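One-letter residues, chain by chain:
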Amino acid sequence: MGIKVVNAVIAIIGGIGGAIIIFWILNKLAESLKGRWEDRVKPWMFAGPAILAIAVYLIYPAIVTVQYSFANEDSTAYVGLSNYKDLLTDNSFLQVLFNNVLWIIIVPAMTVVLGLGVAVLADRLRPRGEKSAKTFIFLPMAISMVGAATIWRTVYDYQPEGAPQTGILNAILGFFNKAPVFWYGESTLHFNSLLLMIILIWTQVGYSMVLLSAAIKGVPEDTVEAGRIDGAGERKIFFSIIVPQIWPTVITVFITVLIGVMKVFDVVYVTTNGAYNTDVIARRFYDELYTQGNNGYASAIVVILIIAIVPVLIYQVRHFRAEEAAR
Amino acid sequence: MMNRKSGLTALIGIAVAGLAAGCLSSNTGTGTGAGTASGPGKSTVEVMYGLGPDTEPGFKADVSAWAAKNGITIKFTKAASWDTEIRTRVQGGNPPDVGLFPQPGLMCDLAKQKKLVPFDDATVAKDNETLVPGFSQAGTCADGKVYGLPNEVSVKSIIWTDAPAFKAAGYTVPRTLDDLLALSAKIKADGKTPWCIAAESGAATGWPITDWIEDLVLRIAGPDNYDKWVKGELKFNSPEIKPAWDYFEKIAFGEGYVRGGTKSIVATNFQTGGNALFTKPPGCYLFKQATFVANKGGFPDAVIANLDTQTQPVPFPAKTTGDNAVLVAGDIAAAFNNDANTLKLRDFIASKENGTQQAKNGAFSPHKTADVSLLPNKTLQTVASEVLYKASAARFDGSDAMPAKVGAGTFWTEPVKWISGQQDLETTLNNIDASFPKTRS
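Residues numbered from 1 in each chain as written. Chains lettered and ligands numbered in written order. Predicted model: local features only at pLDDT ≥ 70, side-chain atom pairs only at ≥ 80, totals over all residues.

Moving on: the overall build of chain A. The helix and strand tally for chain A stands at 14 helices and zero strands. The order of helices and strands in chain A, counted from the N terminus, is α-α-α-α-α-α-α-α-α-α-α-α-α-α. Against the globule reference of 20 Å for 327 residues, chain A gives a C-alpha radius of gyration of 26 Å, more extended than a compact globule. In chain A, which comprises 327 residues, the proportion classed as buried is 27%. Counting contacts in chain A only where the partners sit at least 6 residues apart, residues at least 24 apart contribute 65% of the total. (Helix = DSSP H or I, 4+ residues; strand = E, 2+ residues; numbered from the N terminus. Rg over C-alpha atoms; globule rule 2.2 N^0.38 Å. Buried ≥ 20, exposed ≤ 12 C-beta atoms within 10 Å, placed from the backbone. Contact = placed C-beta atoms within 7 Å.)

Another aspect to go through is the overall build of chain B. Looking only at helices and strands, one finds 20 helices and ten strands in chain B. Residues classed as buried in chain B amount to 46% of the 441 residues present. The long-range fraction of contacts in chain B, counting pairs at least 24 apart against all pairs at least 6 apart in sequence, stands at 77%.

To continue, consider the sheet that holds strand 8 (residues 311–315) of chain B. All names here are of chain B. Across the sheet, four strands lie side by side as 6-7-5-8; this open sheet has mixed pairing. Only two strands of the sheet have a single partner each, and these edge strands are strand 6 (195–196) and strand 8. The pairing of strand 5 (residues 158–162) with strand 8 spans five bridges and is antiparallel. Note that in strand 8 the partner of Ile-159 across the bridge is Val-314. (Pairing = 2+ DSSP bridges.)

Between chain B and chain A, the residue contacts involve 21 residues of the former and 18 residues of the latter. Within the residue set of the side of chain B that touches chain A, elements represented by two or more residues are helix 1 (2–23), helix 12 (263–267) and helix 19 (404–419) of chain B. Here the element with the most residues in the side of chain B that touches chain A is helix 19 of chain B; it accounts for six residues. Grouping the constituent residues of the side of chain B that touches chain A by class yields eight nonpolar, nine polar and four charged. (Nonpolar A, V, L, I, M, F, W, Y, C, P; charged D, E, K, R; others polar.)

The next subject is the pairing of strand 9 (residues 325–335) of chain B. All names here are of chain B. With ten of eleven residues buried, strand 9 is to be regarded as a mostly interior element. Bridge count for strand 3 (residues 98–101) against strand 9 is four bridges, and the pairing is antiparallel. Along strand 9, the bridge assignment pairs Gly-99 with Ala-334. Both strand 9 and strand 10 (residues 393–396) contribute to a ladder of four bridges, which runs parallel. Directly across from Ala-325, in strand 10, lies its bridge partner Ala-393.

Take the domain arrangement of chain A next. Per the domain assignment, the segments making up chain A are domain 1 (2–68) and domain 2 (82–326). The C-alpha-based centres of domain 1 of chain A and domain 2 of chain A are spaced at 38 Å. (Domains from an automatic or database assignment.)

Now for the domain arrangement of chain B. All names here are of chain B. Considered domain by domain, chain B is made up of domain 1 (44–154 + 328–397) and domain 2 (158–326 + 399–435). On a C-alpha basis, the centroid separation for the pair domain 1 and domain 2 is 28 Å. Listed by partner, the interface residues are 23 residues for domain 1 and 21 residues for domain 2. Those elements that provide at least two residues to the side of domain 1 that touches domain 2 are helix 4 (104–112), helix 17 (378–388) and strand 10. If you tally residues by element for the side of domain 1 that touches domain 2, the top one is helix 17, at eight residues. For the side of domain 1 that touches domain 2, the class distribution of residues is ten nonpolar, eight polar and five charged.

The next subject is the packing of helix 19 of chain B against helix 20 (residues 425–435) of chain B. All names here are of chain B. At their nearest, the axes of helix 19 and helix 20 sit 9 Å apart, and the two run at 165° to each other. Classified by the angle their axes make, helix 19 and helix 20 are roughly antiparallel. In the crossing of helix 19 with helix 20, the sense of the turn from one axis to the other is right-handed. Between helix 19 and helix 20, the contacting residues are Lys-405, Val-406, Gly-409, Thr-410, Phe-411, Glu-414, Pro-415, Lys-417 and Trp-418 on the first element and Leu-425, Thr-428, Asn-431, Ile-432 and Ser-435 on the second. The class makeup of the residues in the contact of helix 19 with helix 20 is six nonpolar, five polar and three charged. (Axes fitted to C-alpha atoms, helices over the stretch in contact; angles between N-to-C directions. Parallel < 35°, antiparallel > 145°, perpendicular 65-115°, else oblique. Left-handed = near helix turned anticlockwise from the far one by under 90°.)

Right, let's talk about helix 3 (residues 82–91) of chain B for a bit. Residue and element names in this part refer to chain B. Along helix 3, the positions that sit buried rather than exposed are Trp-82, Ile-86 and Val-90. Seen end-on, helix 3 carries its buried residues on one side only, within an arc spanning 50°. Looking at the packing, one finds that the buried side of helix 3 touches strand 1 (44–49), strand 3 and helix 4. Among the residues trailing helix 3, Gly-93 stands out with phi positive, at a value near 75°. (Arc of directions from axis to C-beta.)

Our focus in this paragraph is the packing of helix 2 (residues 36–68) of chain A against helix 14 (residues 295–326) of chain A. Residues and elements named next belong to chain A. Taken N-terminus to C-terminus, the directions of helix 2 and helix 14 make an angle of 120°; their axes are 7 Å apart at the nearest point. Taken as axis vectors, helix 2 and helix 14 run oblique relative to one another. Helix-helix and strand crossings are classified by hand; for helix 2 and helix 14 the assignment is left-handed. For the pair formed by helix 2 and helix 14, the contact residues are Thr-65, Val-66 and Tyr-68 on the first element and Asn-295, Gly-296, Ser-299, Val-302 and Val-303 on the second. Along the lines of polarity and charge, the residues of the contact of helix 2 with helix 14 split into four nonpolar, four polar and no charged.

Residues and elements named next belong to chain A. Note on placement: Phe-93 falls in helix 4 (residues 91–123). In this structure, the C-alpha to C-alpha distance between Phe-93 and Glu-130, residues 37 residues apart in sequence, is 45 Å. When near neighbours in sequence (up to four residues on either side) are disregarded, Phe-93 contacts Leu-87 and Arg-284.

Right, let's get into helix 15 (residues 340–350) of chain B. A large share of helix 15 of chain B lies buried, amounting to nine of its eleven residues. If you follow the buried residues of helix 15 of chain B, they end up packed against strand 1, helix 2 (56–70), strand 3, helix 5 (121–130), strand 4 (149–155) and strand 9 of chain B.

All right, on to the confidence of the model for chain B then. Residues and elements named next belong to chain B. Mean pLDDT over chain B: 86, with 90% of residues reaching 70 or higher. With pLDDT under 50 throughout, residues 1–34 is counted as low confidence; its partners more than four residues away or in other chains account for 26 contacts. Interface scoring of the predicted complex returns ipTM 0.73; its pTM is 0.79. (pLDDT = per-residue confidence, 0-100.)

Before going further, it helps to spend a moment on the nonpolar core. Counting residues in hydrophobic clusters, the biggest one holds 160 residues, and the most contacted among them are Val155(B), Val217(B), Val326(B) and Leu388(B). Sort the elements by how many residues they give to this core and helix 9 (residues 191–217) of chain A lands first, with nine residues. If sequence neighbours within four positions are ignored, Leu388(B) has contacts with Val132(B), Val155(B), Val326(B), Phe364(B) and Val383(B). (Core = buried A, V, L, I, M, F, W, Y, C linked by C-beta atoms within 7 Å.)

Put simply, Lys280(B) and Pro281(B) share a cis peptide bond, and its omega is -5°. Topologically, Pro281(B) is positioned in the loop between helix 12 and strand 7 (286–288). Positive phi is not limited to glycine here, since His190(A) has a value of about 55°. Looking at the secondary structure, you find His190(A) in the loop between helix 8 (168–175) and helix 9. Using a count of 20 C-beta atoms within 10 Å as the deciding quantity, one classes His190(A) as buried. One non-glycine residue, Lys114(B), lies in the positive phi region at around 60°. Looking at the element boundaries, Lys114(B) is found in the loop between helix 4 and helix 5. Using a count of 12 C-beta atoms within 10 Å as the deciding quantity, one classes Lys114(B) as exposed.

Here we take up the pairing of strand 2 (residues 73–78) of chain B. All names here are of chain B. Strand direction decides the pairing type here: strand 1 and strand 2, joined by six bridges, are parallel. By the bridge assignment, Glu-46 is partnered in strand 2 with Lys-75. Handedness of the crossover is the feature at issue here: the chain leaves strand 1, passes through helix 2, returns alongside strand 2, and the resulting connection is right-handed. (Right-handed = clockwise from strand over helix to strand, strands pointing away.)

Structure representation (C-alpha cells):
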C-alpha cells in the first residue's frame, strides 16, 4: 500500500514535471530562432503537443477503425463492403438499429419534458420546498449507470409464481392476485426496451431540470408581466412567452442527452445483455469485439454509429456558434 | 547558445531512445520440449493462480507446508483476471514458474506456442494410478503430451433435493436418465412441480444451461463424442449431440415440469433459484447445480447450517446404471520452465499428497485415494465418494474449453432465446454451429 502511494506521487510529479520540461524546451527552441520566425513557430510549439495527442489518440484510431471495417474478422485481409452488407441484411442487427431509433426518439424528448415540468412546478413552490424537491430529482445524477440499472432491479425483479415477489411491480401485481410478469422478457411492442429507457430517463431528468430551471429563472419578469397585463392565461404565458425564451437551453439539453443516448450501453448490458430483443448499437459492438472477436463487424458498427452521430454534432456546433453570435 | 542547443537535442534524443527501448520487449519462449529438469533449481519459485477467496487459503497452506519441508521459498501471485494477466506476462517474456489454469483451452494455446513444459511419462503414469479417469486426458494437448494435471476440482453433476421432503413424498433416487424422466412425470402426476431450473446470471445469463447440456452430452453421446464436440468436430446439430438437447427439452418445456414455467428459467437467478426446494410446501423437488450452491449466497442460511440433514445431493443419473461420468471444473497446474524446483512444485500440486488443507476447506482432490473424511461435512463427503470417485470418466466443463465465441457467447445467448420463446431448437443449434470458428487456433 505504502509503495503504491509513493509510486502514485512519483508518477504525478514525473508526469507534470515532464510536461513542464517539454514545454520549457520547446519554448527555448522557439526562442533560439531569429526574428519573425520565432513568432511564427512559437504558437505551434505550444499547440503542437495537443494537436499531436489528438492525432495519435483520436484521428489515427478513427482512420484505422474505418480501415478495419473493410477487413475480415482478425484484420488480415480486405473483404470490401461485405461487413456492412452482412450487418445491414442481418435481421437481428436491423432490430438493434430500430431499438436505437426508439431510444433516440423517446429518451431525450421525455427527459426534456419531465425536466421542464419539474422545473416549472418547483418554481411555484416555496424556496425550501423547491430546494428539497430539486435535490431528490437531482440525486440519481450522482449514481453510475451500472448502479442505476442494479437499483431498478428491485422494481423489475421477477420470482416464479408462488414465491415472495422481491420486485415492486410484481409485488403490486401479486397484491391484486395477478401472475408475476418477467418484465425484461416482455418484447411485445418493445415494451422491455421502454422499461430500460425509464432507467436512463430517471438518471437524466435531474440534469435537464437544473439547466431548464436556471433558464426559467432567467426569463425577465417584465415580459411575463406584460403578458399578464395583455390578459394572457397561465398556459398562454408558458407556451408563448417562457418557452420561446428558454428554447436555446431546451435544444442544448436535448442534444446532450441525445448524444448520450446514441452511445447507451451500461443499462442494457447490466439488465438484459441485449437478450429479449433489447439490444442497442454500443452493446452489439462490445459483443462483436470482445465475445465474438470479430474486428470487422465491430469496426463497421462503430463507423455506422459515427455516421449517425456526426450530423448531430455538426448541428450542435452550429447551434452553439449561432448562440454565441447572438450574444 | 549553440552548445546549449545541441545539449538539449542530445537530451531529447536520449529520452526518445529510452521510450523506444521501453516499448520493445524480448519475447523468448522459456519452455522446451524436454520434460526432465535441468539446472540446479531456483531458491524462489513463483506460482500464479486465479483462485477465489474460498480456495486460495487452503492452496497456500498446502503448498507452504510442502515448501517448508523442501527448503524452497514460494512466491504466491494472485491474478485478478487470469486470462488477461497470464497472456500479458507470457507475451512480455516474464511468465511465472508454475500456473494454475482454470480451463485447458488457454493452457493448450500456450503449449502450442512452446511456452510450457510437459509432464514426464513416469509422473503421469504414477498420478494416473490414483486420478479419476479422464483428468490426464483433459490436460493433454494437441501434440499428445500431458501439460497440466489438476490441483483441486469442484463437481457439477449434482441434483439437489430437500432430504426430508423428498422422503416424505415417497420418491426414490433416480439411477438412470429414464428414471429421472419417470420421476419427473410422477411428481407432476402428484400435482407438484418437479424442477427448479435457474439460468439468470446478469450479463452471463444462460451459462447454467451449458452445464445441463454438457452433463447430458457426456452421458447420452459418451465421453469420446463429448471430446469431439468440445473440439468442434461434432456439430451441436449432429445426430450424436442433438439427443441431449431433446432430453433437456422434455424437462424444460414439459408442461408443469418447471417452477414458474419455461420463461422463469431465464428469469430466475442461478444462486438462489434452488431455494424453493426448502419452502413448505416445496416449490420444487429437484435442482441441478454445482457444489458451490451449498454455500452462503446460495441455499438459505438455515439450510446451510444444517446441510447434512436438510439436503441430499443425488448424482446426476447415468445412461445405464453403474457407469456414470462426472462433469467438473477445477484448476490445472502447468510449468513454464524446466528448472528442477519448478517441476518439483508442479508435480507436488498434481500429486495425491497435495490437498489436505484444501479438503478441510471443502475442495475435492482429483485423486480417488483422497481421505474423504477430511471434507467438512457429510454432504460434501457424499458428493466425493458417490459422484466424483465412483465416476467412470471425468470431464472438464466443455463450454470453458470451447472458443470464447461459443463457450462464453452463443452457447449462452442462443439457448436463452430458445427458452424465452424467440426461436425453435433447430434454429438455436444451427446458430451455435454457424458461430463455431472454422479452424481452431
